[in-house]
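Remarks on the overall topology
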Amino acid sequence: MSLPTPTLEAERLRLRPFDDADADDLYALQSDAHVLRYWDSPPWTDRDSVARFMAGCRRMADEGSGARVAIERTSDRAFVGWCTFNSWNPDFRSASLGYCLDQAAWGHGYATEAARVLLRWGFDTLDLNRVQAETDTRNAASARVLEKLGFQREGTLREDCIVNGDVSDSWVYGLLRRDWVG
């Protein structure tokens with residue numbers, strides 16, 4: 001069962017399917033070591049990663065396992081990052097939320113705004129009951145985004161990731177439909 005990638009409008013942002021014009025901005029984002037310092041994989045070092053990422057977006061839509069959208073600012077159509085639902089399980093009515101934003105977009109509320117509109121789509125269109133998210137325990141900004149959206153911290157995955165020899169823990173967050181305030 002396929003899951004068409006949505007186009008969603010927020011107050012200052014537009015979430016839309018990726019296209020080839022995003023390649024340079026996507027590579028710049030995913031190859032930035034500072035942006036990805038809390039990520040569960042190292043920064044990209046080759047341009048082939050863009051094609052694999054785009055193919056993964058299409059595969060998620062074709063398989064119906066999730067939706068990954070580019071985030072652009074409506075005022076100037078600038079690419080600021082991406083947001084995703086993955087591991088969508090229609091039987092359990094659950095999915096996982098993820099996002100990655102360019103450093104220049106940090107501190108403007110874009111992650112919260114983008115995630116909020118994607119969550120609304122997930123609860124209304126996908127009929128989700130539960131959304132899970134994980135963040136590195138050192139990433140206080142991401143934890144604040146999740147908490148502003150109503151997520152509850154449910155636990156810690158100890159030494160969950162090892163990237164470039166750096167061992168880190170992750171916090172697991174959950175948001176239930178009954179707690180969603182939109």
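Given the structure is predicted, the values throughout are model-derived calculations rather than measurements. (Residues numbered from 1 in each chain as written. Predicted model: local features only at pLDDT ≥ 70, side-chain atom pairs only at ≥ 80, totals over all residues. Heavy atoms only, no water.)

Observations regarding the pattern of salt bridges
On inspection of all chains with the given rule, the structure shows 16 salt bridges. Measuring nitrogen to oxygen at the nearest pair gives 2.7 Å for the salt bridge that ties E113 to R12. Placement of the pair is E113 in helix 3 (residues 110–124) and R12 in the loop between strand 1 (8–9) and strand 2 (13–16), with a sequence separation of 101 residues. E113 gets classed as buried once you look at its relative accessible area, which sits at 12%. (Salt bridge = Lys/Arg side-chain N within 4 Å of Asp/Glu carboxyl O. Helix = DSSP H or I, 4+ residues; strand = E, 2+ residues; numbered from the N terminus. Buried < 20%, exposed > 50% of the residue type's maximum accessible area, 1.4 Å probe, protein only.)

A few points about the packing of helix 1 (residues 23–30) against helix 2 (residues 48–63)
Where helix 1 contacts helix 2, the axes come no closer than 10 Å and their chain directions differ by 105°. With respect to helix 2, the element helix 1 is oriented roughly perpendicular. Two secondary-structure elements touch here, helix 1 through A23, L26 and Y27 and helix 2 through V50, F53 and M54. Looking at the contact of helix 1 with helix 2, its residues break down into six nonpolar, no polar and no charged. (Axes fitted to C-alpha atoms, helices over the stretch in contact; angles between N-to-C directions. Parallel < 35°, antiparallel > 145°, perpendicular 65-115°, else oblique. Contact = heavy atoms within 4.5 Å. Nonpolar A, V, L, I, M, F, W, Y, C, P; charged D, E, K, R; others polar.)

Overview of the side chain of D22
Note on placement: D22 falls in the loop between strand 2 and helix 1. A residue is classified by how much of its surface remains accessible, and D22, at 3% relative accessible area, is buried. One polar contact links the side chain of D22 to the main-chain amide nitrogen of D19, over a distance of 2.9 Å. Setting aside residues up to four positions removed in sequence, D22 forms contacts with R16, P17, M54, A70 and F79. (Polar contact = N/O pair within 3.5 Å; in protein donor to acceptor, adjacent residues only side chain to side chain.)

Quick notes on the environment of A10
Mapped onto the elements of the fold, A10 is located in the loop between strand 1 and strand 2. For A10 and T135, which are 125 residues apart along the polypeptide, the C-alpha to C-alpha distance reads 24 Å. For A10, the residues in contact, after removing those within four places along its chain, are E113 and V117.

Quick word on the confidence of the model for the chain
A residue-level look at the chain finds 100% of positions with pLDDT of 70 or above and a mean pLDDT of 95. Here strand 7 (residues 152–163) stands out as the least confident element of the chain, with mean pLDDT 93; strand 2 is the most confident, with 98. (pLDDT = per-residue confidence, 0-100.)

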